[in-house]
Amino acid sequence: MVKMTNIKKNIDKIKAQIHHACQQKDQLNDFNEQSKVTLLAVSKTKPASEVEKAYYAGQYDFGENYLQEALNKIKALDHLPLCWHFIGPIQSNKTKQIATNFSWVHSVDRAKVAHRLNEHLSSDLSLSCHKTHNQDTLLNVCLQVNISDEESKSGVSLNDVFSLAETVNNCDKLVLRGVMAIPAKNAPVDVYKKMHALFLQLKALYPSVDTLSLGMSNDLDIAIQNGATMVRIGTAIFGNRT
Ligand SMILES: *Cc1c(COP(=O)(O)O)cnc(C)c1O
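Residues numbered from 1 in each chain as written. Predicted model: local features only at pLDDT ≥ 70, side-chain atom pairs only at ≥ 80, totals over all residues. Heavy atoms only, no water.

Attention now goes to the pairing of strand E8 (residues 230-233). Residues Met230 and Arg232 of E8 are buried on one face, and the alternating residues Val231 and Ile233, pointing to the opposite face, are buried as well. Alignment of strand E1 (residues 38-42) against E8, held across four bridges, turns out to be parallel. Its bridge partner being in E8, Ala41 is matched across the sheet by Ile233. (Buried < 20%, exposed > 50% of the residue type's maximum accessible area, 1.4 Å probe, protein only. Helix = DSSP H or I, 4+ residues; strand = E, 2+ residues; numbered from the N terminus. Pairing = 2+ DSSP bridges.)

Another point: the nonpolar core. Ile18, Val108, Leu143, Leu174, Val179, Met195 and Ile237 are the most contacted members of the largest nonpolar core, which totals 68 residues. Leave out the neighbours within four places in its chain, and Val179 touches Cys142, Leu143, Val145, Val161, Met195, Leu198, Phe199, Leu202, Thr211, Leu212 and Ser213. Counting eight residues, the second-largest nonpolar core is a separate cluster that includes Leu40, Ile87, Trp104 and Met230. (Core = buried A, V, L, I, M, F, W, Y, C linked by side-chain atoms within 4.5 Å. Contact = heavy atoms within 4.5 Å.)

This part is about helix H3 (residues 67-76). Buried within H3 we find Leu67, Ala70, Leu71, Lys73 and Ile74. In a view along the axis of H3, the buried residues occupy a sector of 165 degrees, so they form one face of it. Along H3, exposed side chains directed more than 90 degrees from the buried face belong to Gln68 and Lys75. Contact partners of the buried residues in H3: helix H2 (48-56), strand E2 (61-64), strand E3 (83-86) and helix H4 (95-101). (Arc of directions from axis to C-beta.)

Right, let's talk about the confidence of the model for the protein chain for a bit. Of all residues in the protein chain, 90% have pLDDT values of 70 or greater, and the mean over the chain is 92. In the model, residues 126-131 has pLDDT below 50 throughout and makes seven contacts with residues more than four positions away in sequence or in other chains. (pLDDT = per-residue confidence, 0-100.)

Attention now goes to H2. Residues Ala48, Glu50, Val51, Ala54 and Tyr55 constitute the buried set of H2. End-on, the buried residues of H2 take up no more than an arc of 160 degrees, which puts them together on one face. Buried residues in H2 make contact with helix H1 (7-28), E2, H3, E3 and helix H10 (235-238). Just beyond H2, the residue with positive phi is Gly58, at close to 100 degrees.

In this section: the environment of Ser208. Tracing the backbone shows Ser208 in the loop between helix H8 (189-205) and strand E7 (211-213). Take Ser208: its relative accessible area is 25%, and that puts it in the partly exposed class. At 2.7 Å, the side chain of Ser208 and the backbone oxygen of Leu176 are in polar contact. (Polar contact = N/O pair within 3.5 Å; in protein donor to acceptor, adjacent residues only side chain to side chain.)

See below:
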């Protein structure tokens, strides 16, 4: 028996969980600012038909890790007004397709990649290539930070993040929106607090910074309690990946 995933039910449940976490956080805060958290549905390994179901359940933002798989879905769902986010590791020879097909990239972790993304959007050539989704020719960028200091995870180190931020900010086609991290499983709360502090520091330096991309199916609450403004949820919406 194949277990059917009720995508709409899952999205409603996650939205309620986000709302609840925001309320808890706002109650603890002295100032009267209401938390707002964007739900990014991570659809990697899931077919376009599942993304379409999520869209009809009210979901617009989708995250993908693997370029070729993502391009197939972007093409198949061209008729829907979706916002695509690239969240996977970036090979520098894939930057053109990323820059021209996605509205957001969460995983910029080195200057070379930033420069290449920018060049593809700046060159006259890119105007003649069939740009499907990213019509506005500006690319929203989050810097992926290696916060848990694991060798296996990609991301810029805390030491280098400010210089990379400056590089991205100096790229005319890139908009520095913030930082992204994938904390290790069961990471201590300090890791989340460190990311929040970094986000606030960058926000003070660059007016375009408004995004702390932090929190997945298993750490959504702790991420929101520590200031996440965007959570990336796969399993809790689309079910387990095989
Ligand atoms: C797969 C993935 C997610 C979603 O993870 P879940 O645990 O399925 O919610 C979020 N962010 C990134 C970068 C991912 O690769």
